[in-house]
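The primary structure of each chain is shown beneath.
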Amino acid sequence: NADLESLIEMIQTTIAPASWEDVGGTSTVQELPSGVLVDARGVLSRLQPASSHGANRTRHVKTVDGAAERSVAAGEPIASSCDDGPFSDLRMVSLPRLERALALAGGEATLEMRHLAGLERVDYVFVIPETGDLVIAGPAGPWKLDAEGRPVSIGSGRAVLQLDDLVLLLRHAVLHEGDYFGCAITPRQQALARTQQFLKVSAATPLPRGARRSWLESVREHVGMQDIDVFGIDPRTRVARVIVEADYHMKRIGIGLEPGVDGVPSYLEMVAKAGDPPPSLDVLRWWFTLSPAGIEVGNAGTTFRFVGPFVQLQSENEFLTDLGARVHTGDAEPLNREFARNFTEHYQTLARAYPVYADLENVFQLSLVAALISEADLCAAVDWPLDWFADHEQCQIALGHAP
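Residues numbered from 1 in each chain as written. Predicted model: local features only at pLDDT ≥ 70, side-chain atom pairs only at ≥ 80, totals over all residues. Heavy atoms only, no water.

## Some remarks on the overall build of the protein chain
- Assigned secondary structure in the protein chain consists of 15 helices and 16 strands.
- Long-range pairs, those at least 24 residues apart, make up 67% of the contacts in the protein chain with a sequence separation of at least 6.
- For the protein chain, the accessible surface area stands at approximately 20400 Å², while carbon and sulfur atoms represent 54% of it. (Helix = DSSP H or I, 4+ residues; strand = E, 2+ residues; numbered from the N terminus. Contact = heavy atoms within 4.5 Å. Areas by Shrake-Rupley, 256 points an atom, 1.4 Å probe, with all protein chains shown as cover.)

## Describing the pattern of salt bridges
- All told, the structure shown has 16 salt bridges when counted by the stated rule.
- Residue Asp247 pairs with Lys251 through a salt bridge whose shortest N-O separation is 2.6 Å. Taken together, the residues Asp247 and Lys251, both in helix α9 (residues 238-254) and four residues apart, mark about one turn of the helix.
- You can call Asp247 buried: its relative accessible area is 5%.
- Note that Glu316 and Arg285 form a salt bridge whose closest N and O atoms lie 2.8 Å from each other. In this pair, Glu316 is assigned in strand β15 (residues 311-320) and Arg285 in strand β12 (residues 283-290), connecting sequence segments 31 residues apart.
- Owing to a relative accessible area of 22%, Arg285 belongs among the partly exposed residues under this scheme.
- Counted as one network, the salt bridges with shared partners bring together Glu148, Arg150, Asp165, Arg238, Glu245 and Asp359. (Salt bridge = Lys/Arg side-chain N within 4 Å of Asp/Glu carboxyl O. Buried < 20%, exposed > 50% of the residue type's maximum accessible area, 1.4 Å probe, protein only.)

## Quick notes on a nonpolar patch on the surface
- Judged by side-chain polarity, Ile255, Leu257 and Leu268 come together as a nonpolar surface patch covering roughly 270 Å² of accessible area.
- The residue Leu257 is located in the loop between α9 and α10 (267-274) in this model. (Patch = residues over 30% accessible without salt bridge, like charges linked within 9 Å, V, L, I, M, F, W, Y side chains within 5 Å.)

## As for the packing of aromatic side chains
- Summed over the entire model, instances satisfying the criterion amount to 13 aromatic pairs.
- Between Phe288 and Tyr347, the aromatic rings sit 6.3 Å apart at their centres with planes inclined by 85 degrees, giving edge-to-face as the arrangement. Taken together, the positions of Phe288 in strand β12 and Tyr347 in helix α12 (residues 347-353) put the pair 59 residues apart, joining distant regions of the chain. Across this residue pair, the class does not change: Phe288 and Tyr347 are buried.
- Between Phe288 and Tyr357 the ring centres are 6.2 Å apart and the planes differ by 65 degrees, which places this aromatic pair in the edge-to-face class. Of this pair, Phe288 sits in strand β12 while Tyr357 is found in helix α13 (residues 355-375), placing the two residues 69 residues apart along the sequence. The burial state of Phe288 is the same as that of Tyr357; both residues are buried.
- Members of the aromatic cluster, connected to one another through ring pairs, are Tyr267, Trp286, Phe288, Phe339, Phe343, Tyr347, Tyr354 and Tyr357. (Phe/Tyr/Trp six-rings, centres within 6.5 Å; stacked < 30°, edge-to-face > 60°.)

## Considering the sheet that holds β12
- Spatially, β12-β15-β16 is the arrangement adopted by the three strands of the open sheet, whose pairing is antiparallel. Both outer strands of the open sheet, β12 and β16 (326-327), are each paired with one neighbouring strand and no more.
- Set on the sheet, α13 makes contact with β12 and β15; between it and β12 the angle comes to about 50 degrees. (Pairing = 2+ DSSP bridges. Axes fitted to C-alpha atoms, helices over the stretch in contact; angles between N-to-C directions.)

## Side note on unusual backbone geometry
- With an omega dihedral of 0 degrees, the bond running from Gly308 to Pro309 counts as a cis peptide bond.
- Here Pro309 lies in the loop between β14 (303-307) and β15.
- The backbone of Ala117 shows a phi angle near 60 degrees, a positive value even though the residue is not glycine.
- As for its placement among the helices and strands, Ala117 is situated in the loop between α5 (111-114) and β6 (124-128).
- A positive phi is found at His176, a non-glycine position, where the angle reads about 55 degrees.
- Classification of His176 by relative accessible area gives exposed; the value is 59%.

## With respect to the nonpolar core
- Ranked by internal contacts, the top residues of the largest apolar core, which has 80 residues, are Val125, Phe288, Phe343, Tyr357 and Phe389.
- Filtering out sequence-adjacent residues up to four positions away, Phe389 remains in contact with Leu95, Leu98, Glu99, Leu102, Leu163, Val167, Leu170, Arg171, Trp384 and Cys395. (Core = buried A, V, L, I, M, F, W, Y, C linked by side-chain atoms within 4.5 Å.)

## What about helix α6 (residues 163-173)?
- Of all 11 residues making up α6, 10 are buried, and the element is well covered by its neighbours.
- Along α6, the positions that sit buried rather than exposed are Leu163, Asp165, Leu166, Val167, Leu168, Leu169, Leu170, Arg171, His172 and Ala173.
- Against α4 (95-104), α5, α9, α13 and α15 (387-390) lie the buried residues of α6.

## Looking at the confidence of the model for the protein chain
- Averaged over every residue, the pLDDT of the protein chain is 83; the share at 70 or more is 85%.
- With pLDDT under 50 throughout, residues 51-85 is counted as low confidence; its partners more than four residues away or in other chains account for 85 contacts. (pLDDT = per-residue confidence, 0-100.)

## Here we look at α4
- Counting buried positions along α4 yields seven of 10 residues, so the element is predominantly enclosed.
- Regarding α4, the residues found buried are Leu95, Pro96, Arg97, Leu98, Glu99, Ala101 and Leu102.
- The first or second residue beyond α4 is Gly106, which carries a positive phi of 65 degrees.

## Some details on the environment of Ala173
- Looking at the secondary structure, you find Ala173 in helix α6.
- Placed 198 residues apart in sequence, Ala173 and Ala371 show a C-alpha to C-alpha distance of 5.5 Å.
- Excluding residues that lie within four positions of it along the chain, Ala173 makes contacts with Ala370, Ala371 and Ser374.

## Side note on the side chain of Ser374
- Tracing the chain through its elements places Ser374 in helix α13.
- Among all residues touching Ser374, those that are not within four sequence positions of it are Ala173, Val174 and His176.

## Notes on the packing of α6 against α13
- Two elements in contact, α6 and α13, have axes separated by 9 Å at closest approach and are oriented at 40 degrees. Overall, the two elements α6 and α13 adopt an arrangement that is oblique. Pair α6 / α13 crosses with right-handed handedness. Of the residues in α13, those in contact with Asp165, Leu166, Leu169, Leu170 and Ala173 of α6 are Val363, Leu366, Ser367, Ala370, Ala371, Ile373 and Ser374. (Parallel < 35°, antiparallel > 145°, perpendicular 65-115°, else oblique. Left-handed = near helix turned anticlockwise from the far one by under 90°.)

Given below as structure tokens:
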């Protein structure tokens, strides 16, 4: 079982100790990111999956015997399971206790803390004023690192919740450190104009036999690099990397560079099967938004149940001017809408095939939890000042390169 935190600490204390960012230097070290890599220049690229040997490394979650309700009331563990086994249908994590434990440890989170006791999702939020507990609860169990280095549940394969994401989103919503957050992957206007001109010229004559590959490469060269914009949150955070990775992967499925799942053919497959003249492509837009998920309230406002789905894909066709400017139309042609609808309807199947989509759903769910805590003033209900999580110096979250 790889203890990467200890390994990183050993590297920083033995190799040029004064050069590391933690002590005012310029050097950084971090765990292998998942799915995509953003290098020092900020350029995003795909990561090849690790070897099967690396994929079999397992990080286990400690479990505590006894009922979760008794554990929360007794004030002992930070997290517990509802049964004696390693898997639980309803594991509870008290956020105030977790914060206190981290503060007492000087910010040195255990693996169990970092992965929020293996929670796969949040089904409930419980408010317990008598013990000062604000509890998130859901299915949980031991986890492992998958082939991309992403912590996933051993039982379901879903990505598990992350402490860093929770802290960032609590600051964003409860402490009002941001407004809306999201990302965009956008072609540059000059490149679009250049590409449009190239396509007009090349369309004037049929492609010679065997020239398709070189023609595609020319299109790729004309489009060139695209800009990634992360807004509302620090672009160096894991949340930023997850939403960018999910957006990037979804677009690759859309144009057929990654396989979808049954019921989610690529947009280009759908065009080919339609048999009609292909529609004007202009600029296809696909982007994720939060679904109109429900929150059921019970027990006089002390129990909240989250009812999904939580993620949906939106679509639009944009008009492209001769100068490469994109003009919003507010509408999508039928096949474009169908691709987005298929993706949304089969989202859970996609999340099982590609854990990044479960990771994205976790981010959306934690943002909902943070918004609920803020809007319903649940911190005040349990007399939780949220002071240590709010301290950027004491409670630091991992930062990488901004894409």
